[in-house]
Amino acid sequence: MKAYKGKNILITGGLGFIGSNLAGALVKFGAHVTLVDSLIPQYGGNPFNIAGIRSRVCVNVCDVRDSFALAHLLQDQDYLFNLAGQTSHLDSMVDPRTDLEINAAAQLSILEACRKVNPEIKIVFASTRQLYGKPDYLPVDEKHPIRPVDVNGINKLAGEWYHLLYNNVYGIKACALRLTNTYGPGMRVKDARQTFLGIWVRLLIEGNPIKVFGDGLQLRDFNYVDDCVRALLLAGASEQANGKVYNLGSKEVIGLKDLAKMMIELGYGGAFELIPFPPERKAIDIGDYYSDFSLITSELGWKPEIGLREGLANTLAYYAEHHRHYWDANA
């Protein structure tokens, strides 16, 4: 995209799953990319994610809660892709204050820094479909009631709305994408902190059965990471997106049991088993969910291009080759 050629771009969570894939795309477009990541072990940062572009980006190991460091890094940046966050729904219930600090308070500090040192910057914030909670109707559009079912959802909502407020009141150009289940190379797979699909990938490659909660009939939609990156880039380059919230999603809707079967059919063998919902997960489960993403299609021209089977095949092939960089096989 021509909009990014020669531009200075800061990505928070830049060594994480989506941030590193976004960095790879921006480097190809000729952007000057700085990545910020705390590399705290329980979050998603992994230096191997940028192995192919390490010499072409600047990496700053920094926590988004460090407001002084972020204020310095934000100077002279043309774009901020604000992807850093605490993503584990269970962790947010066990340690709600840390989730608040990262997903809400730190976001406010970042926006204040932009207002003071770089009010011309354009910000794209990675929000989540988790804000909607248990759907009243399907597919879920942006007008659906907001009803988070966990602390993570509430704090992500606050972070999102801070961005919209600063756009509307202070003229800091900002928009938000409510991501659905994003998957692909670079995602956290050693546990289920980032996405259940990650631990499914690990179990399959290790030859262990995939564990599907409940009856496995829960419906979900998924976006391959390349499609997610393209949506972020389109939103960043669009003036029309300023002050807006957009859903991402897919026309391919699938039950989790059928998803497990599809993964097993891709040549790595394996099996799946249905197990009862753990009580702590059942309490925050939302049942069926899939998004209406027609708004971003009509306004920015985005729609997913990578089919689920193709995306899963790419993902499994990546981890079959590189798994030693993502989990300890002996752990």
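Residues numbered from 1 in each chain as written. Predicted model: local features only at pLDDT ≥ 70, side-chain atom pairs only at ≥ 80, totals over all residues. Heavy atoms only, no water.

## Describing the overall build of the protein chain
Rules: Each helix is a run of H or I in the DSSP string that is no shorter than four residues. Each strand is a run of E no shorter than two, and both are numbered from the N terminus. The atom set for the radius of gyration is the C-alpha atoms, and the globule formula is 2.2 Å times the number of residues raised to the power 0.38. For every residue, the accessible area obtained with a 1.4 Å probe (protein chains only) is divided by the maximum for its type, and the residue is called buried under 20%, exposed over 50%, and partly exposed between those limits. Working rule for contacts: check all heavy atoms of both residues, and any pair within 4.5 Å makes them a contact. Only the protein chains shown count as cover for residues, and all accessible areas are computed by the Shrake-Rupley method using a 1.4 Å probe.
When its secondary structure is counted, the protein chain shows 11 helices and 12 strands. For 331 residues, the compact-globule formula gives about 20 Å, and the C-alpha radius of gyration of the protein chain, at 19 Å, lands near that figure. Dimensions of the protein chain, computed from C-alpha atoms along their principal axes, come out at roughly 55 × 45 × 40 Å. With 331 residues in all, the protein chain has 51% of them scored as buried. Summarising the internal contacts of the protein chain: among those between residues at least 6 apart in sequence, 80% fall at separations of at least 24. When the accessible area of the protein chain is evaluated, it comes to approximately 13,800 Å², of which 53% is carbon and sulfur surface.

## With respect to the side chain of Ser20
Stated formally: N or O atoms closer than or at 3.5 Å make up a polar contact, with two conditions inside protein: a donor-capable atom paired with an acceptor-capable one, and, for residues adjacent in sequence, both atoms drawn from side chains.
In this fold, Ser20 is placed in helix α1 (residues 17-28). Of the polar contacts made by the side chain of Ser20, one reaches the backbone oxygen of Phe17; its length is 3.0 Å. Among residues more than four places away in sequence, those in contact with Ser20 are Gly14, Leu15, Asn49, Ile50 and Ile53.

## Notes on helix α8 (residues 256-264)
For α8, the complete set of buried residues consists of Leu256, Leu259, Ala260, Met262, Met263 and Ile264. Those residues of α8 hidden inside the fold are in contact with α6 (196-206), β8 (210-213), β9 (219-224), β11 (253-255), β12 (272-275) and α11 (308-322).

## With respect to helix α5 (residues 151-170)
Residues separated by three or four positions in an α-helix point in the same direction, a consequence of the helix having 3.6 residues per turn. This is how the line gets drawn: Expected helix span is computed as 1.5 Å times (number of residues minus one).
The first and last C-alpha atoms of α5 sit 28 Å apart over 20 residues, in line with the 28 Å expected at 1.5 Å per residue. When α5 is considered as a whole, its buried residues turn out to be Asn152, Gly153, Asn155, Lys156, Leu157, Gly159, Glu160, His163, Leu164, Tyr166 and Asn167. Lining the buried residues of α5 we find β4 (79-82), α3 (89-94), α4 (96-117), β5 (122-128), β6 (173-179) and β10 (245-247). Just past α5, the residue Gly171 takes up positive phi, approximately 75°.

## A few points about the sheet that holds strand β3 (residues 57-61)
Convention followed: Being paired, for any two strands, means DSSP has found at least two bridges between them. Inter-axis angles, ranging from 0 to 180 degrees, are taken between N-to-C directions of lines fitted to C-alpha atoms, where helices are fitted over the stretch in contact.
In spatial order, the strands read β3-β2-β1-β4-β5-β6-β10; together these 7 strands make up an open sheet with parallel pairing. Of all the strands in the sheet, the pair left with one neighbour each is β3 and β10. For this sheet, the mean inter-axis angle between neighbouring strands, taken without regard to orientation, is 20°. Examined bridge by bridge, strand β1 (residues 8-12) and β4 share 4 bridges and lie parallel to one another.

## Topic: the state of the cysteines
Here is the rule: We call a pair of cysteine sulfur atoms a disulfide whenever their separation is within 2.5 Å.
Applying the stated criterion across every chain yields a total of 0 disulfides. Sulfur of Cys62: no disulfide; nearest cysteine sulfur belongs to Cys58 and is 12 Å away. Take Cys228: it sits in no disulfide, and the sulfur closest to it among the cysteines is that of Cys175, at 12 Å. Cys228 gets classed as buried once you look at its relative accessible area, which sits at 0%.

## A look at the pattern of salt bridges
Here is the rule: For salt bridges, the criterion is a side-chain nitrogen of Lys or Arg within 4 Å of an Asp or Glu carboxyl oxygen.
A full pass over the atoms with the stated rule returns 13 salt bridges. For Arg220, the salt bridge is made with Asp285, and the minimal N-O distance between the two is 3.6 Å. Here Arg220 is found in strand β9, whereas its partner Asp285 is found in the loop between α9 (279-282) and α10 (294-300), with 65 residues between them in sequence. The network of salt bridges with common partners includes Asp63, Arg65 and Glu101.

## Let's talk about the packing of α6 against α8
Where we set the bar: For a crossing to be left-handed, the near helix must be turned anticlockwise from the far one by less than a right angle; the clockwise case is right-handed. Gly falls in the polar group here, along with every residue not listed as nonpolar (Ala, Val, Leu, Ile, Met, Phe, Trp, Tyr, Cys, Pro) or charged (Asp, Glu, Lys, Arg).
Contact geometry for α6 and α8: axes closest at 11 Å, N-to-C directions at 35°. Considering only the axes of α6 and α8, their crossing is right-handed. Contacts between α6 and α8 involve Phe196, Leu197, Trp200, Val201 and Leu204 from the former and Leu256, Leu259, Ala260, Met263 and Ile264 from the latter. The class makeup of the residues in the contact of α6 with α8 is 10 nonpolar, no polar and no charged.

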